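For reference, the chains in residue letters:
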Amino acid sequence: MRYIGNKENIIDKIHNILTVNGVSGESFFDFFSGTTNVAKFYKKLGYTVSSSDIMYMSFCLQKAYIENNDEPQFASLISTLQLSSQSLLFSTPLEVVVDYLNSIDDVEGFIYQNYTPDGTANLEIPRMYFSSENGKRIDAIRQQIESWKIKALITDSEYYILLTCLIESVSFYANISGVYAAFQKKWDPRATKKFMLRPIKTINNNKLNQVYNADSMCIADKITTDILYLDPPYNERQYLPNYHILETIAKYDNPEIKGVTGMRKYGNEKSLFCNAKTAIESLNYIARTANYKHLVLSYNSEGIMKQEDILAILSQYGNVRLEQFQYARFKSNSNGLSKTKKHIFEQLYILSK
Ligand SMILES: C[S@@+](CC[C@H](N)C(=O)[O-])C[C@H]1O[C@@H](n2cnc3c(N)ncnc32)[C@H](O)[C@@H]1O
């Protein structure tokens, strides 16, 4: 999934650096989990994993990839669906259900009504996040998943697995240039393809993994883990506005929305890490309050917390090392017209007690 700060491409490197620095154990807590890619990596290594994020869409991914260990069987559901015996033959139960969801009738629901050109034709600037057809398909699938849950035809983990399939699939068809803070004014070829739900792959580590949908500040005092991994936002930009539609698809709560982009309110999902002063105070609180052997802070050389402040805070609680590596990233010039390659350091602050 395209997600700001996604560690998918550098988690190997992070892990190697942590290993060289003696950071290991049996339990791992991914405290700002986002896409869950870091938690998934440590789950595959056999750690008992916990994860948390303030965003509900991330919580859905955590339930499916981290807490859940089973391949979903959909035992109650499948017998109620009108399926040909052939469709059951060569497919996993998840593929069968995904196939079924790809065949149901369209519905003109919240996504169609608010994020597609036909649904918003009355607005001065009609919204072009999804083609009108794809908006209806997303609504149909989202409503069907909810209805199965209400009728108790699917288990709790099957529910989150299907929501995760939807959240992951939507990103392949959204008419955006990376984040949902704006839609493109012309159709990206990706967005004009017919929406098809895709199955996800579950992971089993045979451990009792736990996941939370919480502000890290509210649960820091309840944590006990060998490795506490922190990957908070680096700058003033809050995550919710950048992913507001994924959050709405996950919650499907008919929110009050406003503005050109149809943004939902997010007062209770604002992060203290998006302000330099409150970020450093929050880091101090977590480092002081949580119970861990190693605390690892992933940060960025352009982040709003200053290196000397981070080192000063963390060294109150143990031995601190700073490791960093360079990677190239494309960044818009200040005039926003052209793109230049910019070298940025990915930093790992490693605190061991
Ligand atoms: C840099 S991203 C994490 C990326 C993640 N490591 C990955 O690989 O996808 C930061 C995450 O922190 C979450 N977040 C921000 N403030 C938070 C808070 N106070 N408590 C919990 N999560 C928070 C955001 O929702 C976002 O998902």
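Residues numbered from 1 in each chain as written. Predicted model: local features only at pLDDT ≥ 70, side-chain atom pairs only at ≥ 80, totals over all residues. Heavy atoms only, no water.

*Asks:* I'd like a description of the domain arrangement of the protein, backed by residues and values.
*Replies:* Splitting the protein by domain gives domain 1 (1–69 + 208–233 + 272–353) and domain 2 (71–202 + 239–270). Once you take the C-alpha centre of each, domain 1 and domain 2 turn out to be 28 Å apart. Residue-level contacts link 20 residues of domain 1 with 29 residues of domain 2. At the boundary of domain 1 with domain 2, total buried surface from both sides reaches about 2,200 Å², with 61% on carbon and sulfur atoms. One can count one salt bridge joining domain 1 with domain 2. Measuring nitrogen to oxygen at the nearest pair gives 3.2 Å for the salt bridge that ties Asp156 to Lys63. (Domains from an automatic or database assignment. Contact = heavy atoms within 4.5 Å. Buried area = accessible area lost by both parts, 1.4 Å probe. Salt bridge = Lys/Arg side-chain N within 4 Å of Asp/Glu carboxyl O.)

*Asks:* So what's going on with unusual backbone geometry? Residues and values would help.
*Replies:* Despite not being glycine, Asn206 shows a phi value in the positive range, around 55 degrees. Within the fold, Asn206 resides in the loop between α10 (189–192) and β3 (210–213). Since its relative accessible area comes to 68%, Asn206 is described here as exposed. If you check the backbone angles, Tyr252 has positive phi at about 45 degrees while not being a glycine. Within the fold, Tyr252 resides in the loop between α13 (244–251) and β5 (257–258). (Helix = DSSP H or I, 4+ residues; strand = E, 2+ residues; numbered from the N terminus. Buried < 20%, exposed > 50% of the residue type's maximum accessible area, 1.4 Å probe, protein only.)

*Asks:* Lay out the site of the ligand in plain terms, naming residues and giving numbers.
*Replies:* Near the ligand, the surroundings consist of 20 residues, among which Tyr3, Thr35, Asp53, Asp231 and Ser271 are the closest. Measuring from an oxygen atom of the ligand, one finds a side-chain N or O atom of Asp53 at 2.7 Å. Here a nitrogen atom of the ligand and a side-chain polar atom of Ser271 are 2.6 Å apart. Of the residues in the shell around the ligand, the class split is nine nonpolar, seven polar and four charged. (Near = heavy atom within 4 Å. Polar contact = N/O pair within 3.5 Å; in protein donor to acceptor, adjacent residues only side chain to side chain. Nonpolar A, V, L, I, M, F, W, Y, C, P; charged D, E, K, R; others polar.)

*Asks:* Outline the pattern of salt bridges, supporting the account with residue identities and numerical values.
*Replies:* Should their charged atoms come close, side chains of opposite charge can pair. Within the structure shown, the criterion is met by 13 salt bridges. Note that Arg142 and Glu146 form a salt bridge whose closest N and O atoms lie 2.8 Å from each other. Here Arg142 pairs with Glu146, and both are found in helix α8 (residues 132–150), just four residues apart, close to one helical turn. Across the pair Lys277 and Glu281 runs a salt bridge whose closest N-O atoms are separated by 3.1 Å. In this pair, Lys277 and Glu281 are both assigned in helix α14 (residues 276–289), four residues apart and thus about one turn of the helix distant. Under the relative-accessibility criterion, Glu281 is labelled partly exposed at 42%. A single salt-bridge network, built from bridges that share partners, covers Lys63, Glu67 and Asp156.

*Asks:* I'd like a description of the side chain of Gln238, backed by residues and values.
*Replies:* Mapped onto the fold, Gln238 is located in the loop between β4 (224–230) and α12 (239–242). At 2.7 Å, the side chain of Gln238 and the backbone nitrogen of Ser271 are in polar contact. Each residue touching Gln238, except ones within four places of it in the same chain, is listed here: Tyr266, Glu269, Lys270, Ser271 and Cys274.

*Asks:* An account of the nonpolar core is requested, with residue identities and associated values reported.
*Replies:* Counting residues in each nonpolar core, the largest one holds 78 residues, and the members touching the most others are Tyr42, Leu101, Phe130, Trp148, Leu162, Val170 and Tyr180. It is helix α9 (residues 156–170) that contributes the most residues to this core, nine residues altogether. The residues that make up this core include at least three from each of domain 1 (1–69 + 208–233 + 272–353) and domain 2 (71–202 + 239–270). In this structure, Phe29, Phe32, Ala287 and Met305 belong to the second largest nonpolar core, which totals 31 residues. (Core = buried A, V, L, I, M, F, W, Y, C linked by side-chain atoms within 4.5 Å.)

*Asks:* How would you sum up helix α2 (residues 37–44)? Please name residues and give values.
*Replies:* Counting buried positions along α2 yields seven of eight residues, so the element is predominantly enclosed. Of all the positions in α2, only Asn37, Val38, Ala39, Lys40, Phe41, Tyr42 and Lys43 are classed as buried. Packed against the buried residues of α2 are α1 (11–20), β1 (27–30), β2 (48–53), α3 (56–67) and β4. Directly beyond the C-terminal end of α2, a positive phi value near 100 degrees is found at Gly46.

*Asks:* Could you give an account of the packing of α8 against α9, with specific residues and numbers?
*Replies:* Running from amino to carboxyl end, α8 crosses α9 at an angle of 170 degrees, the nearest separation of the two axes being 10 Å. When the axis of α8 is compared with that of α9, the two are roughly antiparallel. Where α8 approaches α9, its residues Ile138, Ile141, Arg142, Ile145, Glu146, Trp148 and Lys149 are matched on the opposing element by Tyr159, Leu162, Leu163, Leu166 and Val170. Grouping the amino acids of the contact of α8 with α9 by side-chain chemistry returns nine nonpolar, no polar and three charged. (Axes fitted to C-alpha atoms, helices over the stretch in contact; angles between N-to-C directions. Parallel < 35°, antiparallel > 145°, perpendicular 65-115°, else oblique.)

*Asks:* Outline the packing of aromatic side chains, supporting the account with residue identities and numerical values.
*Replies:* Scanning the model with the defined rule gives 23 aromatic pairs in all. Here Tyr100 and Trp148 contribute two aromatic rings whose centre-to-centre distance is 5.9 Å and whose plane-to-plane angle is 35 degrees, an arrangement assigned as tilted. Residue Tyr100 is located in helix α6 (residues 93–101), and its partner Trp148 is located in helix α8; the two are separated by 48 residues in the primary sequence. Its relative accessible area of 22% is what places Tyr100 among the partly exposed residues. Exposure remark for Trp148: the relative accessible area of 4% places this residue in the buried category. Taken together, the ring pairs connect Tyr3, Phe110, Tyr115, Tyr129, Tyr180, Phe183, Tyr239 and Tyr243 into an aromatic cluster. If you follow Lys40 out to its NZ or CZ, it ends over the ring of Tyr65, 3.8 Å from the centre. (Phe/Tyr/Trp six-rings, centres within 6.5 Å; stacked < 30°, edge-to-face > 60°. Lys NZ or Arg CZ within 6 Å of the ring centre and 35° of its normal.)

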